[in-house]
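Residues per chain are reported as follows:
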Amino acid sequence: VHVLASGVGVGPAVEDRQADGGLVLVNTGEAMYYPGPGGQVERITHPRFRHQLLSFESSTHSWYQFDELTELLQKADDLQWRMRIVDDLCNEFNRWRWRCKYEVMAIVGLIMASWVQTAWSWRPRIDVLGGSNTGKSILCSTLSGIFRNCCIKTSDTTAAGLRQEICNSAVVVVVDEIDAKNHRKMEQQRAILEMLRSASRGTTVLRGTGGGQQGVKFTLRHLVWVAGISIRNEDAADKNRSITLNLEPPAKDMQGKLVLSPPDVLQDYGKRSLACALWAIPKAAKLAIELKNCRIDGVDPRLVESYAVPAAMLAVVMGYDEA
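Note that the structure is a prediction, hence the values are computed from the model and not measured. (Residues numbered from 1 in each chain as written. Predicted model: local features only at pLDDT ≥ 70, side-chain atom pairs only at ≥ 80, totals over all residues. Heavy atoms only, no water.)

(A) Spatial organisation of the overall build of the chain. Helices and strands together make up the secondary structure of the chain, namely nine helices and 14 strands. Expressed as a percentage of its 323 residues, the buried residues of the chain come to 50%. Across the chain, contacts joining residues at least 24 apart in sequence account for 72% of those joining residues at least 6 apart. (Helix = DSSP H or I, 4+ residues; strand = E, 2+ residues; numbered from the N terminus. Buried < 20%, exposed > 50% of the residue type's maximum accessible area, 1.4 Å probe, protein only. Contact = heavy atoms within 4.5 Å.)

(B) View of the pairing of strand 10 (residues 172-176). Within strand 10, five of the five residues are buried, which leaves the element mostly enclosed by the surrounding structure. Here strand 10 shows no split at all, with V172, V174 and D176 on one side and V173 and V175 on the other all buried. The pairing of strand 9 (residues 151-155) with strand 10 spans five bridges and is classified as parallel. Bridging from a neighbouring strand, K153 pairs with V174 of strand 10. The pairing of strand 10 with strand 13 (residues 225-228) spans two bridges and is parallel. Across the sheet, V175 pairs through a bridge with V226, a residue of strand 13. (Pairing = 2+ DSSP bridges.)

(C) Representation of the side chain of H222 in the model. The topology assignment puts H222 in the loop between strand 12 (215-219) and strand 13. Given the relative accessible area of 3%, H222 is considered buried. A polar contact is formed between the side chain of H222 and the backbone oxygen of S169, at a distance of 3.2 Å. Beyond its immediate chain neighbours, meaning those up to four positions away, H222 contacts Q117, R123, I166, S169, A170, V171, V173 and A199. (Polar contact = N/O pair within 3.5 Å; in protein donor to acceptor, adjacent residues only side chain to side chain.)

(D) Local environment of the layout of surface pockets. In this structure, the second largest pocket occupies an estimated 620 Å³ of space. Lining the second largest pocket we find 25 residues, and of these Y307, A308, P310, A311 and L314 sit closest to its centre. With eight residues, the single largest contributor to the lining of the second largest pocket is helix 9 (residues 301-317). The class makeup of the residues in the lining of the second largest pocket is 21 nonpolar, one polar and three charged. (1 Å grid on protein atoms, 1.4 Å probe; cavity = no way out; pocket = protein on both sides within 12 Å on 5 of 7 lines; lining within 4 Å. Points joined across faces, edges and corners; volume = space filled by probe spheres on them. Nonpolar A, V, L, I, M, F, W, Y, C, P; charged D, E, K, R; others polar.)

(E) The arrangement of the pattern of salt bridges in detail. Under the counting rule described, the total for this entry stands at eleven salt bridges. Each of E30, R43 and D67 takes part in a single network of salt bridges with overlapping partners. (Salt bridge = Lys/Arg side-chain N within 4 Å of Asp/Glu carboxyl O.)

(F) Layout of the side chain of N27. One can find N27 in the loop between strand 3 (18-26) and strand 4 (31-34). One polar contact links the side chain of N27 to the main-chain carbonyl oxygen of Y64, over a distance of 2.8 Å. Setting aside residues no more than four positions away along its own chain, N27 makes contact with F56, H61, S62, W63 and Y64.

(G) The arrangement of unusual backbone geometry in detail. Although it is not a glycine, R148 adopts a positive phi angle of roughly 50°. Relative to the helices and strands, R148 resides in the loop between helix 4 (136-147) and strand 9. On the basis of relative accessibility, which here comes to 40%, the residue R148 falls in the partly exposed class. Phi angles above zero are rare outside glycine, and C167 is one such case at about 50°. Note that C167 resides in the loop between helix 5 (159-166) and strand 10.

This is how it looks when you write it as structure tokens:
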């Protein structure tokens, strides 16, 4: 019998080795099966679901409430309800100063896309770049507050440490302070970025253990957020596999005034954006594949494919057509 181990987060439901189009949300002590809009939501209390082994014990903190999320999924059918969370998230991230006015909309699409990161055929890396005092750390804390207990937020980490922390989960990963300030940090950054390349397509990676007796197999299918002053890409291919969000220093009258929003506000954003993402992903994942075939003069096709992810999510959530 084929068994696929699934950790905390949102992952594809598997039947006879193939994804059935539905999603499984693995929580602490239970899980939820969501077949898509209009389908019957199912509470899962046994760690064995079809051909999947669910790791209920891989987290000690619940990241969603079944009854509450079921109700929010019903509300997600309403376009105006979905538009309100888009507006709320735009207002939240407009508190920072961005180089391009469209970057806030990209962030909203990427937040929703991150909830269902395992469902995309391509996952761009998300680079948040900015100098000192531009609010990078507060932004990372804001993301952590939105994704709450379904998030790993770290800084000054190594590739091995991050890989071990992620394990078989589908949690959202936020890496702050990835800067290459010296030779040691340059090597750390290079190793992390090299590891994250496999997350874009969801490649299975094999690593040997220290004793050499047993290999470890894991699959990264993550939209990883990384923040720093600069990120050294090995070549153009690395640069085009990421979406870059550029922070500017705050205006003089706003210096020192940027503070973290209250935890309950960020948690509310998280609950509603999760419901929107689950509702939209069946159509959005297909639309992203169609959008990646758009050809734009002077733009690398891989970069188009990267931006197709937040664009497709926003299009479905906001009721837009392909054009």
